[in-house]
Amino acid sequence: MTRFIVGTGRHVYEVIHPFGNLPPGMTFGNTSHVATDSEGKVYVYQRKDPPILVFDGEGNLIDSWGDGELMDGHGIFITESDEVFLSDRDAHEILKYDTKGNVSLRLGNREKPALEEPFNHPADIAVTGDGEIYIADGYANSSVHRFKSDGTYVKSWGSWGVGPGQFSVPHGIWVHKDRVYVCDRENHRVQIFDTNGGYVSEWLGFFHPMDIYIDSEETVYVTDQVPGMTMLNLDGQMITRIRTAANVHGLWVDIYGNMYAAGNEALVTKYRKIS
């Protein structure tokens, strides 16, 4: 295990790499994303069975689920009430679970891709405080889709291209207040929209931005393939930037301010906040 210090100011972390202790004979698959629940438990989404591994904050495995149910793990989002949303990328489906692995909602037509409609290899999910669901449908579509909390379709926006409101792999997504933030990966930018899909602005200076997270103090975290992590304020001004232990595919911040990062190199990293 490697440990070192990164960050400046209010964002200084001890890097713990790799994170997560597995029992003898068990190995990680490709780790696509990570999220934490209201108790600080860490949910790692991987591309093998079991697709969900649950750890405590010290890295001890305490649960796992989803065997045989998910084809291709990609994005994960856990709400404040501990609803677990997963994107099953190559199955073209979004699923909602409880923390024990019971399905309560399915969006999309499983194994039936749709062009610029839900879904065609969806990448990531964001859920608002009132339960609305936003999907970055980024690998074969260039769209964002919006649903009500009960799964009723509302609208879509976006098309393939480089102009405002167009995408080339909308990859990570986050909703904060009345704004939707989308990592437009192959266009090297984060685009910002209102919740109806109206273009607001964009942030440049990234190299293949992968994922985005906004914490309770309104710090924005964007990971890209330098590999690096940039912290910004809501005006898009940089607060600090760190080198990450690997290219980060998915990131999350827990209730204590610790960051967790998952990368396709079959690794998870914990960034333990120390100031």
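To start, this report covers the structure provided alongside it. Once a new chain begins, its residue numbering starts again from 1 and follows that chain's sequence as written. A pLDDT threshold of at least 70 governs which residues receive local features in this predicted model, and a stricter bar of 80 or more applies before side-chain atom pairs are shown or counted, although totals over entire chains, interfaces and linings include all residues. The side-chain quantities take in all heavy atoms of the structure and omit both hydrogens and water.

### Observations regarding the overall build of the chain
Helical segments are the DSSP runs of H or I of at least four residues, strand segments are the runs of E of at least two, and each set is numbered from the N terminus. When you go through the chain residue by residue, the secondary structure sums to zero helices and 27 strands. Expected size for 275 residues packed as a compact globule is a radius of gyration near 19 Å; at 17 Å, the chain falls within 12% of this value. Overall size of the chain, expressed as C-alpha extent along the three principal axes, is 45 × 45 × 30 Å. The cut-offs for exposure are 20% and 50% of the maximum accessible area for each residue type, with area from a 1.4 Å probe on protein chains only; residues under the lower value are buried, those over the upper are exposed, and the others partly exposed. For the chain, the proportion of its 275 residues judged to be buried stands at 57%. Positive charges come from Lys and Arg alone, negative charges from Asp and Glu alone, with His and the N- and C-terminal ends not counted. Charged side chains are reduced to one point each, which is NZ for Lys, CZ for Arg, CG for Asp and CD for Glu. Within the chain, one finds 23 positive and 38 negative side-chain charges whose respective centroids are separated by 3 Å. We compute the radius of gyration from the C-alpha atoms alone; for a globule the expected value is 2.2 Å times N to the 0.38, where N is the number of residues.

### As for empty space enclosed by the protein
Using only the protein atoms, space was sampled on a 1 Å grid; points where a 1.4 Å probe fits but cannot get out form cavities, open sets with protein on both sides within 12 Å along at least five of seven lines form pockets, and lining residues are those with an atom within 4 Å of a point. Grid points are joined across faces, edges and corners, and a volume is the space filled by probe spheres set on the points. Applying the stated criterion across every chain yields a total of two cavities of 30 Å³ or more. As a volume, the largest cavity reaches approximately 60 Å³. In this structure, the largest cavity is lined by H17, A246, N247, V248, A261, A262, G263, E265, L267, V268, T269 and Y271. Those elements that provide at least two residues to the lining of the largest cavity are strand 26 (259-263) and strand 27 (267-273). Gly is placed with the polar residues, together with every amino acid not listed as nonpolar (Ala, Val, Leu, Ile, Met, Phe, Trp, Tyr, Cys and Pro) or charged (Asp, Glu, Lys and Arg). A per-class count over the lining of the largest cavity returns seven nonpolar, four polar and one charged. In this model, the second largest cavity occupies a volume close to 30 Å³. What lines the second largest cavity is simply H33, I76, F77, D124, I125, I173, W174, D211, I212, L251 and W252.

### Describing the side chain of S142
As for its placement among the helices and strands, S142 is situated in the loop between strand 12 (133-137) and strand 13 (143-147). Pairs of residues are marked as contacts when any of their non-hydrogen atoms sit within 4.5 Å. Those residues within four positions of S142 in sequence are excluded, and the remaining contacts are E116, D137, W157, G158, S159, W160, F167 and P170.

### With respect to the layout of surface pockets
Approximately 750 Å³ is the volume found for the largest pocket. Lining the largest pocket we find 30 residues, and of these E80, W174, Y213, I214 and S216 sit closest to its centre. Elements represented by at least two residues in the lining of the largest pocket include exactly strand 7 (73-78), strand 17 (170-176), strand 21 (211-214) and strand 25 (250-253). Tallying contributions element by element places strand 17 first for the lining of the largest pocket, with three residues. Grouping the amino acids of the lining of the largest pocket by side-chain chemistry returns twelve nonpolar, ten polar and eight charged. Taken as a whole, the second largest pocket holds about 170 Å³ of empty space. Taken together, M1, R3, I16, P18, F19, G20, N21, G57, E58, G59, K270 and R272 form the lining of the second largest pocket. Classifying every residue of the lining of the second largest pocket gives four nonpolar, four polar and four charged.

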